Amino acid sequence: MGWEATTGGVGFKENVTSIIWTVENLTEWTVEPKCYITLSNGNQPNKVLPVIVYKTPDSVSISPLSHSGPMVEGNQYQLQCNIQNVAPLKNLVVKWYKGNESIDTKTYRDPNKKKPVNKSLTLNITASRDDDGAQFRCEAELHLGPEGPQTPPTVTSELLNIIVLSPPKFFNPESEVHEVRAGDEINLNCTASGNPTPVYNWTATLDIQNNKINKAVLNPSSELAGTYNCTASNHLGTNSKIFTVNLTPNDHSKTFWAIIGSADRRKSLLFSTACCSVCANV
């Protein structure tokens, strides 16, 4: 028996049933060691030992392609994964992740490229407001079959943090109608998502003392029935939502006058009718 190989070959040995091929330092990428035996009838059967010489990447990196800075919702972008010095290509599997979610996988099948190569691949994404703050990464794995490591050798890129700019979008965009009794609490909530953080502006059909209020939630007095308009805006866009507040009279309702404004600018508002009047200076 003997081993025929360019590295670690073993000469012919008689009267043995096994023989070991030993390699201390393998530097060839296409080695094909062959075990052979010589039978008494002169035949010489042989068998090639499958050998995969592999190398994990020197580095794996991720970056936006042809883009820098924040992304804008709805626009398409490409992310690029660069893999340096990996072999063999036919055993390479590249995976893309958003957070802990696997979003794409690429498998290579080129049996001819056994020496280390550099590989770059891209991932197309459409920016979503849900991606704001997301972390993308790519991983290079070598799947070496049942004889190789059962946990594939893996090299992972650094994390790529995504910033996505988006116009305001209300969590509850539908217009709202509130039927309230005098003295009830009202909560008008037009909170919106967006990047940059939206700026809010409230206006009303009533001549209230300050009809432009920069906040998402308004708590008007239930006596101030009418229509309220909330506008959320940033430099990417503006969105509006309408609230209608209707005052439901009590069983023994009274005429309620609210005098709103400063001493030199007052406007009286009649909210319900009955047989007597009550005046309030707000």
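Heads up: the structure comes first, above all this text.
In this text, all values refer to a predicted model and were calculated from it rather than measured experimentally.

Cut-offs and rules
- Residues numbered from 1 in each chain as written.
- Predicted model: local features only at pLDDT ≥ 70, side-chain atom pairs only at ≥ 80, totals over all residues.
- Heavy atoms only, no water.
- Disulfide = S-S within 2.5 Å.
- Helix = DSSP H or I, 4+ residues; strand = E, 2+ residues; numbered from the N terminus.
- Buried < 20%, exposed > 50% of the residue type's maximum accessible area, 1.4 Å probe, protein only.
- Polar contact = N/O pair within 3.5 Å; in protein donor to acceptor, adjacent residues only side chain to side chain.
- Salt bridge = Lys/Arg side-chain N within 4 Å of Asp/Glu carboxyl O.

Colleague: So what exactly am I meant to see when it comes to the state of the cysteines here?
Modeller: In a disulfide, the sulfur atoms of two cysteines are held together by a covalent bond. Using the criterion set out here, one finds two disulfides in the structure. Across a sulfur-sulfur distance of 2.1 Å, Cys-81 and Cys-138 are joined as a disulfide pair. Its torsion about the S-S bond being 85°, the disulfide of Cys-81 and Cys-138 is classed as right-handed. On the criterion of sequence distance, the pair formed by Cys-81 in strand 6 (residues 76-86) and Cys-138 in strand 10 (residues 135-142) is long-range, its members being 57 residues apart. Like Cys-81, the residue Cys-138 is buried in the burial classification.

Colleague: Help me understand the side chain of Asp-131, please; the structure alone is not making it clear to me.
Modeller: Examined against the element boundaries, Asp-131 turns out to sit in the loop between strand 9 (117-126) and strand 10. For Asp-131, the side chain forms a polar contact with the side chain of Lys-98, separated by 2.9 Å.

Colleague: Looking at this structure, how should I read the pattern of salt bridges?
Modeller: Between side chains of opposite charge, a pair can form as their charged atoms come close. The tally for this structure, following the rule as stated, stands at six salt bridges. One salt bridge in this structure joins Arg-129 and Glu-73, with 3.0 Å as the shortest N-O distance. Of this pair, Arg-129 sits in the loop between strand 9 and strand 10 while Glu-73 sits in the loop between strand 5 (71-72) and strand 6, and the two are 56 residues apart along the sequence. With relative accessibility at 28%, the residue Glu-73 sits in the partly exposed group. Between Lys-241 and Glu-176 there is a salt bridge, and its shortest N-O distance comes to 2.7 Å. Taken together, the residues span a long stretch of sequence, with Lys-241 in strand 20 (residues 237-248) and Glu-176 in strand 14 (residues 176-181) at a distance of 65 residues. Judged by relative accessible area, Lys-241 falls into the buried class, the value being 1%.

The values are spatial; any link to function lies outside them.
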